[in-house]
Amino acid sequence: MLESIIKIVLVVVLLLAALCFWLLPKTKLAKKLKMTVPIFITTNIVGIACGIFGLVGIFIWKEFIIEAHLWELIIFPYTLVWVYWLMVIRLKKTSIIVDEKQEWDMSQAAGSTIAGTLLILAFMFNLSYNDVYQLNNGMWFPFYLFTTILLFSVSTLLFFKKS
Amino acid sequence: MKLGNFIRRCRFDMGEMSQEQLAKRVDVTRQTILSVEKRKFVPSTLLALKIARVFDKKVDDIFYIIDEESQDKTYQFF
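Note that the structure is a prediction, hence the values are computed from the model and not measured.

Draft legend 1. Region of the structure containing the packing of helix α4 (residues 70-92) of chain A against helix α6 (residues 140-162) of chain A. Residue and element names in this part refer to chain A. Remark: α4 packs on α6, axes separated minimally by 11 Å, with the N-to-C direction vectors making an angle of 25°. When the interaxial angle is binned, α4 and α6 end up roughly parallel. Crossing handedness for the pair α4 and α6: left-handed. Of α6, the residues touching α4 (which contributes Trp71, Ile74, Ile75 and Tyr78) are Phe141, Pro142, Leu145, Phe146, Ile149, Phe152 and Ser153. Of the residues assigned to the contact of α4 with α6, the class counts are 10 nonpolar, 1 polar and no charged.

Draft legend 2. Representation of the interface of chain B and chain A. Each partner contributes to the interface: chain B provides 12 residues, whereas chain A provides 9 residues. Together chain B and chain A conceal approximately 870 Å² of surface at their shared face, both sides included; 55% is due to carbon and sulfur atoms. Broken down residue by residue, the surface that chain B buries against chain A is led by Thr29, Gln31 and Phe41 of chain B, which jointly contribute 51%. One can count 0 salt bridges joining chain B with chain A. On the surface where chain B and chain A come into contact, there are 4 residue pairs in polar contact (both at pLDDT 80 or more). In terms of residues, the side of chain B that touches chain A owes the most to one element, helix α3 (residues 30-37) of chain B, which gives 4 residues. Here the residues of the side of chain B that touches chain A are counted per class, giving 5 nonpolar, 5 polar and 2 charged.

Draft legend 3. Highlighting the nonpolar core. Residue and element names in this part refer to chain A. Formed by 45 residues in total, the largest nonpolar core has its most connected members in Ile58, Ile65, Trp85 and Phe146. Elements that contribute at least two residues to this core include exactly α1 (2-23), α2 (37-61), α4, α5 (100-129) and α6. Element by element, the count of residues in this core is highest for α4, at 12 residues. The contacts of Trp85, once residues within four sequence positions are left out, are Met35, Ile39, Phe40, Thr43, Ile97, Val98 and Met106.

Draft legend 4. Highlighting unusual backbone geometry. Residue and element names in this part refer to chain A. A positive phi angle, near 50°, is found at Lys62, a position not held by glycine. Accessibility expressed as a relative area gives 37% for Lys62, which makes it partly exposed. For Asp131, which is not a glycine, the phi torsion comes out positive at approximately 60°.

Draft legend 5. Layout of a nonpolar patch on the surface. All names here are of chain A. On the surface, a cluster of nonpolar side chains totalling about 560 Å² of accessible area is made up of Leu2, Ile52, Val56, Ile60, Trp61 and Phe64. Broken down by element, the nonpolar patch gets its largest block of residues, 4 residues, from α2. Within the secondary structure layout, Ile60 lies in helix α2. In this structure Ile60 comes out as exposed when scored by relative accessible area, which is 58%.

Scoring rules and cut-offs
- Residues take numbers from 1 onward in each chain, read along the sequence in its written order.
- Written order decides the labels, with chains lettered from A and ligands numbered from 1.
- In view of the model being predicted, local features appear only for residues whose pLDDT reaches at least 70, and side-chain atom pairs are presented and counted only at 80 or more, with totals across whole chains, interfaces and linings using the full set of residues.
- The side-chain quantities take in all heavy atoms of the structure and omit both hydrogens and water.
- Helix axes use the C-alpha atoms of the stretch in contact, all axes being lines fitted to C-alpha atoms, and the angles between their N-to-C directions lie in the range 0 to 180 degrees.
- Labels follow the DSSP assignment, with helices taken as runs of H or I lasting at least four residues and strands as runs of E lasting at least two, numbered in each case from the N terminus.
- Throughout this description, any angle smaller than 35 degrees is read as roughly parallel, any larger than 145 degrees as roughly antiparallel, any in the 65 to 115 degree range as roughly perpendicular, and the remainder as oblique.
- When the near helix sits turned anticlockwise from the far one by under a right angle, the crossing is termed left-handed; a clockwise turn instead gives a right-handed crossing.
- Every residue pair with non-hydrogen atoms within 4.5 Å of one another is taken to be in contact.
- Residues were grouped as follows: Ala, Val, Leu, Ile, Met, Phe, Trp, Tyr, Cys and Pro as nonpolar; Asp, Glu, Lys and Arg as charged; and all remaining residues, including Gly, as polar.
- A 1.4 Å probe defines the accessible area here, and the buried area is the portion of it lost by two parts on being joined, summed over both.
- Within this document, salt bridges are pairs made up of a side-chain nitrogen of Lys or Arg and a carboxyl oxygen of Asp or Glu, the two lying within 4 Å of each other.
- Pairs of N or O atoms within 3.5 Å make up the polar contacts considered here, provided that, within protein, one atom can donate a hydrogen while the other can accept it, and that residues adjacent in sequence are counted only when both atoms are side-chain atoms.
- Only buried Ala, Val, Leu, Ile, Met, Phe, Trp, Tyr and Cys residues count toward a nonpolar core, and they belong to the same one when joined by side-chain atoms within 4.5 Å.
- Between buried and exposed lies partly exposed: a residue is buried under 20% and exposed over 50% of the maximum accessible area for its type, with that area taken using a 1.4 Å probe on protein chains only.
- Patch criteria: residues need more than 30% relative accessible area and no salt bridge. Like-charged residues are merged within 9 Å; nonpolar side chains of Val, Leu, Ile, Met, Phe, Trp and Tyr are merged within 5 Å.
- Per-residue and other accessible areas were derived by the Shrake-Rupley procedure at a 1.4 Å probe size, with only the shown protein chains allowed to occlude residues.

See below:
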């Protein structure tokens, strides 16, 4: 039952997001669609929240998070924020919607995320190999996804705020 | 080597132009101007040219290279 409700919610919100993506830039609201510093910060805060919820969910609900499609639900707000970014890209007809410092912050964050994710996954592999803690039944993917989102969002925000 | 600049001084000369105003003129965020001013971020050639154009100066008049040995010009300026 819960699984069906979550699936319906996901499909409905996804359809609404797709509709907004196609329709909003054609309406008067298009003028209000722009990339601002608060949106940049909000994107990363949403990323941090989704990453934390996802990782906590993986350890609390274990396989249930996949069976009930909960991990997709948790990642949804972050997806929606990126839909907004895509709308702005579509409207501006350029992929450069953040300024060069923000781009630099994101590049540095990407590098830090690769290093951080590798270390965390190596640690989890070690735990798994030594039978201390197991991530079973495809749990590796959501774990990797939420770890990446969390690290990328945290480091982007840190590099951005460092100025 | 670092990239020094006289942006603060130029803003002052332009009637205390705020970082926000400059940022709007060159189409970047205030944080970017702040980082450039504080030498934490090296701007692209395009941004350097845009900033110079706002102050009606040459890029060389606003940005300079700080060699390891040489003293920072900013301290001489103020």
